[in-house]
Amino acid sequence: MGEMEQGAYVDSLLNLESLRKSLVRQEDTIIFSLIERSKYPINSRLYHESNAASPLHFFINESEAVQAKAGRYVSPEENAFFPDSLPHPMLPPPKHKPVLHPSGASININEKIFNHYLKTLIPLVAAKGADDGNYATTAASDLACLQALSRRIHFGKFVAEVKFRDSPQDYTPAILAKDREGLMALLTFESVEEAIKKRVEKKAMVFGQDVENQESGNFKVKPSLVSQLYGEWVIPLTKFVQVEYLLRRLD
Ligand SMILES: C=C(O[C@@H]1C=C(C(=O)O)C=C[C@H]1O)C(=O)O
């Protein structure tokens with residue numbers, strides 16, 4: 001990116017409307033990645049841990065090393081699942097001024113995301129049936145789901161930054177008082193959340209339908225499951241990230 005384009009990029013991260021547009025677009029990525037994962041059964045061998053890490057752990061760790069070299073984690077929008085001892089990027093970091101507050105930038109709740117994905121989400125999304133041996137493609141689709149969910153949830157940092165900049169007078173007292181509930185109330189927009197839950201259900205219907213037999217009522221991933229995933233997990237975690245970020249905003 002030239003400096004001009006980087007300026008436009010920074011502006012888009014400092015505007016609530018454009019951040020919300022990005023969250024809407026990220027829904028497509030999340031739903032398609034879940035649809036991909038639904039092609040495979042659980043394939044539980046990937047998740048077995050002996051003394052060494054599980055095959056999925058290995059797959060993610062090595063993939064992140066390659067992506068770190070290409071500069072993925074230089075971006076404050078990206079958080080690694082296994083951030084320790086990642087290699088340095090080969091390209092110089094972007095020149096624009098950081099958008100996030102430095103201490104908030106280090107928030108990483110991927111361990112939570114990883115555990116919930118493994119324990120709760122995979123069993124709900126995976127195809128029924130016995131192990132099919134497609135371990136590499138299953139692991140690749142797990143990584144795609146995890147990265148899409150992680151990006152969405154950690155986007156809360158940018159949302160929180162913009163909300164703070166838009167009304168520091170409202171947020172500052174709650175931050176100084178470490179008032180988590182107060183912060184949660186300030187940053188919550190019920191109507192936005194309701195619209196999201198409806199929209200992701202609709203998207204799951206459209207993206208996951210059988211186009212040759214639309215009346216069948218068969219969807220690749222259950223639409224109500226996607227709406228539930230957002231309502232009970234993705235949105236609450238995004239808000240958790242926002243609160244964590246705000247609590248550090250005046251450090
Ligand atoms: C992300 C935002 O903050 C909150 C969290 C939301 C979410 O995770 O989708 C939606 C609305 C807000 O309650 C926002 O205001 O857009």
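The shown structure was predicted, so the numbers you read here are calculated from the model rather than taken from an experiment.

K.L.:
I'd like to hear about the pattern of salt bridges, residue by residue, with values.
P.N.:
The final tally for this structure, using the stated rule, is 16 salt bridges. In this structure, the salt-bridge partner of R25 is D28, at a minimum N-O distance of 3.7 Å. Residue R25 and its partner D28 are located together in helix α2 (residues 16-37), separated by three residues, close to a single helical turn. The exposure class assigned to R25 is exposed, which follows from its relative accessible area of 52%. The exposure class assigned to D28 is buried, which follows from its relative accessible area of 18%. As a salt-bridge pair, E194 and K197 come within 3.1 Å of each other at their nearest N and O atoms. With a gap of three residues between them, E194 and K197 both fall in helix α10 (residues 190-207), about one helical turn apart. Connected via shared salt-bridge partners are R25, E27, D28, R199 and K203.

K.L.:
Outline the site of the ligand, supporting the account with residue identities and numerical values.
P.N.:
In the neighbourhood of the ligand, 15 residues make up the surrounding shell, with R20, R152, K163, F189 and E193 lying closest. A distance of 2.7 Å separates an oxygen atom of the ligand from a polar atom in the side chain of K163. Grouping the amino acids of the shell around the ligand by side-chain chemistry returns seven nonpolar, three polar and five charged.

K.L.:
If you had to explain the confidence of the model for the chain to someone new, which residues and values would you point to?
P.N.:
Averaged over every residue, the pLDDT of the chain is 94; the share at 70 or more is 98%. Per the prediction output, this complex has pTM 0.95; the corresponding ipTM is 0.98.

K.L.:
Would you mind going over the packing of aromatic side chains in detail, with residue names and values included?
P.N.:
In the structure shown here, the tally under the stated rule is four aromatic pairs. Ring centres of F81 and F114 lie 6.3 Å apart, and the angle between their planes is 55°; this geometry places the pair in the tilted category. In this pair, F81 is assigned in the loop between α3 (55-69) and α4 (102-105) and F114 in helix α5 (residues 110-125), connecting sequence segments 33 residues apart. Centroid distance F155 to F158: 5.5 Å. Interplanar angle 45°. Geometry classified as tilted.

K.L.:
Got a sec to walk through helix α6 (residues 135-154)? Specific residues and values, please.
P.N.:
Over its 20 residues, α6 extends 28 Å from the first C-alpha to the last, a length consistent with the 28 Å expected when each residue adds 1.5 Å. Most of α6 is tucked away, with 14 of its 20 residues classed as buried.

K.L.:
Could you give me a rundown of the UniProt feature "domain: Chorismate mutase" (unreviewed entry) in the chain, with the residues and numbers involved?
P.N.:
Mapped onto the present numbering, the UniProt feature "domain: Chorismate mutase" (unreviewed entry) falls at residues 137-242. For the annotated span residues 137-242, helix accounts for 79% and strand for 0% of the residues, and the straight-line distance between the end C-alpha atoms is 33 Å.

K.L.:
Which residues make up a nonpolar patch on the surface, and what values go with them?
P.N.:
Together, M205, V206 and F219 make up a nonpolar patch on the protein surface, roughly 240 Å² of accessible area in all. Within the fold, M205 resides in helix α10. With a relative accessible area of 36%, M205 lands in the partly exposed category.

K.L.:
Pulling in residues and values, what's your account of α2?
P.N.:
Helix length check: α2 (22 residues) gives 31 Å between terminal C-alpha atoms against 32 Å at 1.5 Å per residue, within 8%. Those residues of α2 that fall on the buried side of the exposure criterion are L16, L19, L23, Q26, E27, D28, I30, I31, S33, L34, I35 and R37. The backbone nitrogen of E17 has a side-chain oxygen 2.9 Å away, supplied by the residue at the start of α2, namely N15.

What counts, and where the lines are drawn
- Residue numbers restart at each chain and count upward from 1, following the sequence in its written direction.
- For a predicted model such as this one, the threshold for reporting local features is a pLDDT of at least 70, and the threshold for listing and counting side-chain atom pairs is 80 or more; totals across whole chains, interfaces and linings nevertheless cover every residue.
- Side-chain metrics in this entry use all non-hydrogen atoms of the structure; hydrogen atoms and water are not considered.
- The term salt bridge refers to a pairing of a side-chain nitrogen on Lys or Arg with a carboxyl oxygen on Asp or Glu at a separation within 4 Å.
- The numbering of helices and of strands both runs from the N terminus, where a helix is a DSSP run of H or I of at least 4 residues and a strand a run of E of at least 2.
- For the exposure calls, accessible area comes from a 1.4 Å probe over protein chains only, and a residue counts as buried if that area is under 20% of its type's maximum, exposed if over 50%, partly exposed in between.
- Nearness of a residue to a molecule or strand requires only that one of the residue's heavy atoms be within 4 Å of it.
- Here a polar contact means two N or O atoms within 3.5 Å. Within protein one must be a hydrogen donor candidate and the other an acceptor candidate, and residues neighboring in sequence count only if both atoms are side-chain atoms.
- Ten residues, namely Ala, Val, Leu, Ile, Met, Phe, Trp, Tyr, Cys and Pro, are considered nonpolar, four, namely Asp, Glu, Lys and Arg, are considered charged, and the remaining ones, Gly among them, are considered polar.
- Confidence of the predictor at the level of single residues is given by pLDDT, which spans 0 to 100.
- Pairing of aromatic side chains here covers Phe, Tyr and the six-membered ring of Trp, requires ring centres within 6.5 Å, and sorts the geometry by plane angle: under 30 degrees stacked, over 60 edge-to-face, intermediate tilted.
- What a helix should span is 1.5 Å times the count of its residues minus one.
- UniProt positions are given in the numbering used here, feature names are shortened, and annotations may be inferred rather than shown by experiment.
- Excluding any residue in a salt bridge, patches collect residues exceeding 30% relative accessible area, merging like charges within 9 Å and nonpolar Val, Leu, Ile, Met, Phe, Trp and Tyr side chains within 5 Å.
- In these tables, accessible area is a Shrake-Rupley quantity obtained with a 1.4 Å probe, and a residue counts as shielded only by the protein chains included in the view.

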